[in-house]
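The lines below spell out each chain.
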Amino acid sequence: MIEIKISSDPKFLTIVRAMVGKVCELVECSVEEKNKIILAVDEACSNIMKHTYHGDLGQSIEIRCESARDKIEFVLKDCGPPIDPGKIKPRPLDELRPGGLGTHFIRTIMDEVKYEHVAGCGNTLRMVKFLHRNNPGELT
Amino acid sequence: MIEIKISSDPKFLTIVRAMVGKVCELVECSVEEKNKIILAVDEACSNIMKHTYHGDLGQSIEIRCESARDKIEFVLKDCGPPIDPGKIKPRPLDELRPGGLGTHFIRTIMDEVKYEHVAGCGNTLRMVKFLHRNNPGELT
Amino acid sequence: MEVRTRKVGVASVIDLKGQIDLSSSSKMRTAVLEAIKAKGALRVAVNLTEVSYIDSSGIATLVEGLQLARARSCHFVIFGLQQAPREVLELARLDKVFEIRVDEREALDS
Amino acid sequence: MEVRTRKVGVASVIDLKGQIDLSSSSKMRTAVLEAIKAKGALRVAVNLTEVSYIDSSGIATLVEGLQLARARSCHFVIFGLQQAPREVLELARLDKVFEIRVDEREALDS
Ligand SMILES: Nc1ncnc2c1ncn2[C@@H]1O[C@H](COP(=O)(O)OP(=O)(O)O)[C@@H](O)[C@H]1O
Ligand SMILES: Nc1ncnc2c1ncn2[C@@H]1O[C@H](COP(=O)(O)OP(=O)(O)O)[C@@H](O)[C@H]1O
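How each quantity is defined
Residues numbered from 1 in each chain as written. Chains lettered and ligands numbered in written order. Predicted model: local features only at pLDDT ≥ 70, side-chain atom pairs only at ≥ 80, totals over all residues. Heavy atoms only, no water. Contact = heavy atoms within 4.5 Å. Buried area = accessible area lost by both parts, 1.4 Å probe. Salt bridge = Lys/Arg side-chain N within 4 Å of Asp/Glu carboxyl O. Polar contact = N/O pair within 3.5 Å; in protein donor to acceptor, adjacent residues only side chain to side chain. Helix = DSSP H or I, 4+ residues; strand = E, 2+ residues; numbered from the N terminus. Nonpolar A, V, L, I, M, F, W, Y, C, P; charged D, E, K, R; others polar. Near = heavy atom within 4 Å.

## Observations regarding the interface of chain D and chain B
So, point 1. Opposite the 23 residues of chain D that make contact, chain B presents 26 residues.
So, point 2. Counting the surface lost from both chain D and chain B, the interface buries some 1900 Å², and carbon and sulfur atoms represent 66% of this.
So, point 3. Looking only at chain D, the three residues that lose the most surface to chain B are L22, Y53 and L91 of chain D, adding up to 32% of its buried area.
So, point 4. Summed over the shared surface of chain D and chain B, the result is 1 salt bridge.
So, point 5. D21 of chain D is paired through a salt bridge with R17 of chain B; the nearest N and O atoms lie 2.7 Å apart.
So, point 6. The interface formed by chain D and chain B includes 5 residue pairs in polar contact (both at pLDDT 80 or more).
So, point 7. Counting only elements with at least two residues in the side of chain D that touches chain B, the list comes to β3 (43–54), α2 (56–71) and α3 (83–91) of chain D.

Written as structure tokens, this is what we have:
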């Protein structure tokens, strides 16, 4: 188990990506899987910074990572106001316009994506990726 | 502020080093300073794994990192039995024998090193490094 | 991330270096939009050779650049994609939308 | 970390690759001690060309190797040090204790 807690400042995203990348190497996923998992976690953190905290740099985000035989799981926690999971939607991809790609990436890359409000203390986003390996390394 | 919590398994040291390296890049220290700071934090975590937890992989270590204008500070927390700071000593370097280098590295690299027992819940190790920069980037 | 804009004949080349994410994409955006808006801009080429990572905010900037360039009859191309950024463009299903060239020489060829 | 031992004439070369820390130094230790204990071992050269990091447990293994080699009249050299590992040896004040060679050719020269 690995846990990392950062201030809600985009400059820390590079640390999150380094951490996720190392975790992916430990569980021996392929480079393509690694790149995608890094992207999904990065986008999820960016969305919390932008949409949950509205750019406030002084809040915090916690990222927990656990792995079992055939999957890797990330749980992101914020302390922001309750979000409405129904409003988290990618834009239709056939319109050519900037923005609206982050949630599309998250949902395409991850096999399970679940937003939940935690009574009294922010939101959690649980993302699970099933791994396709012959000889999986375990994290815990 | 950055916080990372790992299980007391040496395989996670690579993640700690990646995190510390990225933090050093954010505060813009030199490559030499970065390499040394990575080494000191790695050795301190290794010592907790070896000497506080005696190789038990299921315990946890928390690493907090903060920086001010001219320094970077790491606080390591464990949940092990109280250690006696007086017993944490490097061996005389003029004897050629394996071992006993970790604490020497830590004390040589860091400007302040302080071990403390926290009543009822493990130990903390606080390490401060003063930075020599013209235009320091701040972490928090 | 580092951003630099160069004139090469009638074209502007924007050299990007590092990782493009929420902390750096606004810097990239400023450079891309400025190059396209510059008087007499006929071709803008974004050099991604040294970009190891790009997120949705970087992709959004490329889309914005493409749209502004079309509106101003400026030719907008990107080149030098590493594997990871290429995969992100594919995930966004934009790999057929952009003019993607291999290197700078090709990017400046009509 | 990856470890591989090769025979080159009367010498053994131990190629190490990656980062040497508490999780990997025991693997390195096994290879180093085995090479020195092998029948007729005259020279053991540790190749650090692809080692980007070494901690005190890796240094301890090198010291142990040096001592065992001396006791057995085996010639023990290390070569190919990158900047970071070199700095660690200096911090340990061992940079004058080891025979440090630039590359494999020099390491196998008497
Ligand atoms: N963590 C979040 N908290 C609140 N709203 C969110 C969150 N993540 C996404 N959203 C909503 O979903 C929309 C789509 O998000 P996304 O696809 O990442 O695109 P973008 O961030 O470019 O708008 C956002 O505009 C926002 O309204
Ligand atoms: N976190 C710790 N908890 C308890 N004892 C420690 C700790 N760190 C160091 N020590 C003590 O200090 C000694 C010297 O440590 P060090 O210089 O790192 O060398 P080594 O780990 O090779 O023994 C150790 O052998 C141990 O007795």
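## Some words on the interface of chain B and chain A
So, point 1. Each partner contributes residues to the interface: chain B has 19 residues there, and chain A has 19 residues.
So, point 2. Interface area for chain B against chain A, summed over the two sides, is near 1700 Å², with a carbon-plus-sulfur share of 66%.
So, point 3. At the boundary of chain B with chain A, the tally comes to 0 salt bridges.
So, point 4. At the boundary of chain B with chain A, the tally comes to 4 residue pairs in polar contact (both at pLDDT 80 or more).
So, point 5. Counting residues per element, the ones that place at least two in the side of chain B that touches chain A are β1 (2–7) and α1 (13–26) of chain B.
So, point 6. At 7 residues, the largest contribution of residues to the side of chain B that touches chain A is made by α1 of chain B.
So, point 7. Looking at the side of chain B that touches chain A residue by residue, the class counts come to 11 nonpolar, 3 polar and 5 charged.

## Observations regarding the site of ligand 2
Residue and element names in this part refer to chain B.
So, point 1. The environment of ligand 2 is made up of 14 residues, and the closest members are N47, K50, H51, G100 and T103.
So, point 2. With respect to ligand 2, the side chain of H51 contributes an N or O atom lying 2.7 Å from an oxygen atom.
So, point 3. Interatomic distance of 3.0 Å between a side-chain N/O atom of T52 and a nitrogen atom of ligand 2.
So, point 4. Of all elements in the fold, only α2 (31–52) and α3 (102–109) reach the threshold of two or more residues within the shell around ligand 2.
So, point 5. The element best represented in the shell around ligand 2 is α2, accounting for 5 residues.
So, point 6. Partitioning the shell around ligand 2 into residue classes produces 4 nonpolar, 7 polar and 3 charged.

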